[in-house]
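Here's the letter readout for the chains.
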Amino acid sequence: MTRCRSRRQLHRSAYHHRSYHPARALLIALIGVLILGGATSAAIFIAIALPVLLLVLFGAGLLKVHRAARRARRRRAGYATARPLRAPDQLPAPRPASDWRAEWRAARRRFDTLRGEYAEYECDPLAVLQLPALADVTVPATERFVDAFAEAQALDTDELPPAEHAASFRRAVDRACRAWQAARDAAERIRLAGLSPEERASVRRVIKLLTVAKDSGNDAERLAAYAKARAELAKLERAGRIHLPRQAVAALEASARAGLPTGFQTSPAPEAARRPSPEPA
């Protein structure tokens, strides 16, 4: 609590500064002249000091007016730069609360898109051969994506779940999408860098053979290209350098069977070969 001080205490403190007026100083000087020099000296002193006193008083008045005008200009400038108050109708509208149901539906659409991209990659042998690191879980980025995708897959539901479950699913989808993009970027950087020159040449031959088999209109040429491609892929898989997903292998087999003539089998089943033909009734 601030303690009040008396006038005597303020007079004695260092915070009280007494100002001396020029007229008071001139009066003190005049009294000294009268005591020391007499009336004649006092008259001469007054004749000399009076114009000087008037000039000093005039200058002090001008300085005071100048300071007052400067303070007024500063106040006006401060009022001009101050932010004007907004009218009630100009105030920003409050942000509406988020609809967790709509966010859950948006997360499901994002996850369906991600699931489609991942399935499209796994079912395309050419895509797997061009980006083999994206199918190799020993690559850290791919492993993180597989874990995040499995988490989001486990939290996915067909019906609207509770709010907490929906929030967990949204966060899992966000992690899976980020992990998918990071895994794709890593696979783009790696490509065939982890293979030897002979293995890279073998992968390029397989890609060329599959492209020829896909675009060729000759059944015999397509069959030969698929056979050579599968032989090269078998060597790479036995060496442990390329791992085709089951979906890519199934798609490759289906494409090979689709290119064969009607009634032709690539490898007849042993049971069917040993089974005797039925006798006519």
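Above this text you will find the structure in question.
We now turn to the structure provided with this report. Each chain carries its own residue numbering, running from 1 in the written order of its sequence. This being a predicted model, a pLDDT of at least 70 is required before a residue's local features are given, and a value of 80 or more before pairs of side-chain atoms are given or counted; all residues contribute to the totals for chains, interfaces and linings. Note that the side-chain values use all heavy atoms of the structure and ignore hydrogens as well as water.

### Thoughts on the overall build of the protein chain
A count of helices and strands for the protein chain gives 11 helices and 0 strands. Starting at the N terminus and walking to the C terminus, you meet the elements of the protein chain as α-α-α-α-α-α-α-α-α-α-α. Counting all 281 residues of the protein chain, 25% fall into the buried class. A separation threshold of at least 6 residues defines the contact pool for the protein chain, and within that pool the share at least 24 residues apart is 67%. In this description a helix means any DSSP run of H or I spanning at least four residues, a strand means any run of E spanning at least two, and both kinds are numbered starting from the N terminus. Partly exposed residues are those whose accessible area sits between 20% and 50% of the maximum for their type, while under 20% is buried and over 50% is exposed, using a 1.4 Å probe and protein chains only. Throughout, a residue-residue contact means that at least one pair of heavy atoms, one from each residue, lies within 4.5 Å.

### Things to note about the nonpolar core
Take the buried residues of types Ala, Val, Leu, Ile, Met, Phe, Trp, Tyr and Cys, join any two whose side-chain atoms come within 4.5 Å, and each joined set is a nonpolar core. Within the largest apolar cluster, 48 residues are counted, with the highest numbers of intra-cluster contacts made by Leu129, Phe145, Val203 and Leu210. Of all elements in the fold, only helix H4 (100-122), helix H5 (125-130), helix H6 (140-155), helix H7 (163-190), helix H8 (197-215), helix H9 (219-238) and helix H10 (246-258) reach the threshold of two or more residues within this core. With 10 residues, the top contributor of residues to this core is H7. Other than its neighbours up to four places away in sequence, valine 203 contacts Leu129, Leu192, Leu195, Leu236 and Ile242.

### Some remarks on the environment of valine 206
With respect to the secondary-structure elements, valine 206 resides in helix H8. By relative accessible area, which is 0% here, valine 206 ends up buried. Along the chain, valine 206 and arginine 230 lie 24 residues apart, while their C-alpha atoms are 8.0 Å from each other. Residue contacts for valine 206: discarding those within four places in its chain leaves Leu129, Ala229, Glu232 and Leu233.

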